[in-house]
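Summary of structural features
Given next are the chains, with one letter for each unit.
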Amino acid sequence: MPKYTPIIGMEIHVELKTKSKMFCSCKNDPFSAAPNTNVCEICLAHPGTLPVPNHTAIEWAAKIAKALNCQINTESKFDRKHYFYPDLPKAYQISQYDQPIGEHGYIDLEFLPGKNYRDKAHIGITRVHLEEDTAKLSHDSSGNTLVNFNRAGVPLVEIVSEPDVTSSAEAKMYSQELQAIFRYLGISDADMEKGNMRCEANISLQEENKFINDKGVIKPVAGYTLNHKVEVKNINSFRAVEKAIEFEIIRQTAMLEKGEAWKQQTRGWDDNKGETVMQRIKETAADYRYFPEPDIPPFHPVKIAGDISLPELPQAKRLRLREEYGFSYADAELLSSDLHWSDYTEKVMSELVDWLHNLSESKTDTDEILQNKQQQLARLAGGWITSKLMGAMAERSINIKILRLKPENFAELVALIYTNRVNSTNAQKILNEMLDSGVDLDPTHVMEEKGYGQISDEGKLSEVIDEVIKNYPQQVEQFKNGKEPILQFLKGMVMKATEGSADPTVTEKLLRKKISK
Ligand SMILES: [Zn+2]
């Protein structure tokens, strides 16, 4: 049986959050406004109206193109894409055909080592173009279809990738990376649930070694006939991106193994059934009868956008979290995926680095030792942010955008743990109190007030240890007879008696001293 290789290209749409719509001055607010209130003659396609392009939308589309390493075209134009559907009042969509805002870009994805069969993927970006969104259809229980034109004419950017994606996991990661980029650029909320961002995948399976990917064009070799691509729409979450592609790979493999062929087609992802469903035989570009939009003159994206300055993008941020601070790959990945979290993390780390450098014992450290300490701190902080803090916030339904716990206070808590002034059980209690209190709590204050601090005072610990030795004479005897592991049991009893506050190192040292023969 021949082996098949999945060839996947992604089409991602993202709504820009400009103040007004793409070609009219209506408010760009498709979600919160009452239906059909943000409308005018232009976005309702009354005859005789003229569209006027939104310059901010052109600038932002150019920004996306630059972030995806595209060439920004000096000349660009809008085209009419014709099709008939109730969500499209003009019966054509103003889009871009052969002169998009940007083209020939790429994005490099880096995977958690060993998680995928390749550690890096270079995904070509074919084009970035600007268009207008359609109206939103909804279907009520009695079978009526309602049309809300608030969304009609909202600026929409489409990003088309080359067929360089080779697995469902890569497709998901590509989509997540784009979402992070849109959010870092501040041009869209890119919320998939709200439909701000929509993913479509083009998938075809080809026999291994029977084709080449020539700069994004799949070409057959030695008389092989390529299998048609299948476009999958209605994908509403990253998880669905993965599942829909996996389903198609299995479906197409089964057909090929039975010797069946298929036509180029569009299928819809049914999330409830977990399968793709045939929608229609795919239109070709000719079916859309593209022609230049006569009401809008060609324009110059480079001139309109001017010098585009980009903020630090997720990939650079991730690398810096790892290399500058020493975060683990997984923590850097998670923390950079959201701008609010990466800002928070950076503030925590800058506090911790300052603190470390001012610590008296660090003053005499060599650069290497200091670097190691900083990495230890980053690992500790990374773990506490990604598991403990995020977990405690999730339990309380607190979102990072409304988190009141200041980064400097969280950094102080990490410093308390790092210096063994508090153990992790009590640190968790302090964290919970800081989250639950409406006011700004100082973790050292909470620790001292509630007696959460670690007991390392030998005098205090001695009393507890003597008590434990008195209560477990048998175990002490066993230890004296050479049963080393029993020490951990005795240590556990000291921990229990101090509610976890005994300093483990000091406890062990004292225990040994007291019960060794
Ligand atoms: Zn309008």
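Here, every reference points to the structure presented above.
Summarised in this report is the structure supplied together with it. These numbers were taken from a predicted model, which means no experiment stands behind them. Here, residues in each chain are numbered from 1, in the same order as that chain's written sequence. In keeping with the model being predicted, local features are shown solely for residues with a pLDDT of at least 70 and side-chain atom pairs are shown and tallied solely at 80 or more, while totals for entire chains, interfaces and linings include all residues. To obtain the side-chain values, all non-hydrogen atoms of the structure were used and water was disregarded.

1. Some details on the nonpolar core
What counts here: Buried Ala, Val, Leu, Ile, Met, Phe, Trp, Tyr and Cys residues form a nonpolar core when they are joined through side-chain atoms within 4.5 Å. Only protein chains enter the area calculation, which uses a 1.4 Å probe; residues under 20% of their type maximum are buried, those over 50% are exposed, and those in between are partly exposed. Between two residues, a contact is recorded if the distance between any of their heavy atoms is within 4.5 Å.
By size, the foremost hydrophobic cluster in this structure holds 68 residues, and its most contacted members are M10, I64, L68, L130, I159, Y174 and F182. Non-local contacts of I159, meaning those with residues more than four positions away in its chain, are made with M10, E11, I12, V14, I64, L68, I125, R127, V128, Y174, L178 and F182. With 41 residues, the next largest nonpolar core counts L335, A392, L413 and L416 among its residues.

2. A word on the coordination of the zinc ion
As a reminder of what qualifies: Metal coordination here is assigned from N, O and S atoms located within 2.8 Å of the ion, or within 3.2 Å for Na, K and Ca; omission of water means that sites may look incomplete. Note on geometry labels: four donors, all angles 85 to 135 degrees, give tetrahedral; four donors become square planar and six octahedral when opposite donors are over 155 degrees apart and every other angle is between 65 and 115; remaining cases are irregular.
Donor atoms from the polypeptide that bind the zinc ion are C24 (SG), C26 (SG), C40 (SG) and C43 (SG), placed at 2.3 to 2.4 Å. In this structure, the zinc ion is surrounded by four donor atoms whose angles at the metal cover 100 to 113°, and the resulting shape is tetrahedral. Every donor residue of the zinc ion comes from the same chain, spaced as C-x1-C-x13-C-x2-C. Judged on exposure class, the residue C24 and its partner C26 are both buried.

3. Overview of the packing of aromatic side chains
Remark: the centre distance and the inter-plane angle together describe each pair of aromatic rings, the angle taken between the planes. Selection criterion: A pair of aromatic rings is counted whenever rings of Phe, Tyr or Trp (Trp by its six-membered ring) have centres within 6.5 Å, and the orientation is called stacked for planes under 30 degrees apart, edge-to-face for over 60 and tilted otherwise. Every helix listed is a DSSP run of H or I at least four residues long, and every strand listed is a run of E at least two residues long, numbered separately from the N terminus.
For the structure on display, the rule yields eleven aromatic pairs. Centre to centre, the rings of Y97 and Y290 are 4.1 Å apart; their planes meet at 15°, and the pair counts as stacked. Residue Y97 is found in the loop between β4 (92–95) and β5 (102–110), and its partner Y290 is found in the loop between β15 (275–281) and β16 (291–292); the two are separated by 193 residues along the sequence. For Y290, a relative accessible area of 22% puts it in the partly exposed group. Measuring from centroid to centroid gives 5.8 Å for W341 and Y344, while their planes differ by 80°, and the two rings are edge-to-face.

4. Let's talk about the pairing of strand β11 (residues 211–214)
The following threshold applies: Pairing between two strands is assigned when DSSP locates at least 2 bridges connecting them.
Where β11 meets strand β12 (residues 217–220), four bridges bridge the pair, whose relative direction is antiparallel. By the bridge assignment, F211 is partnered in β12 with P220. As consecutive antiparallel partners, β11 and β12 are separated by two residues, and within that stretch K215 has a phi angle of approximately 50°, a positive value.

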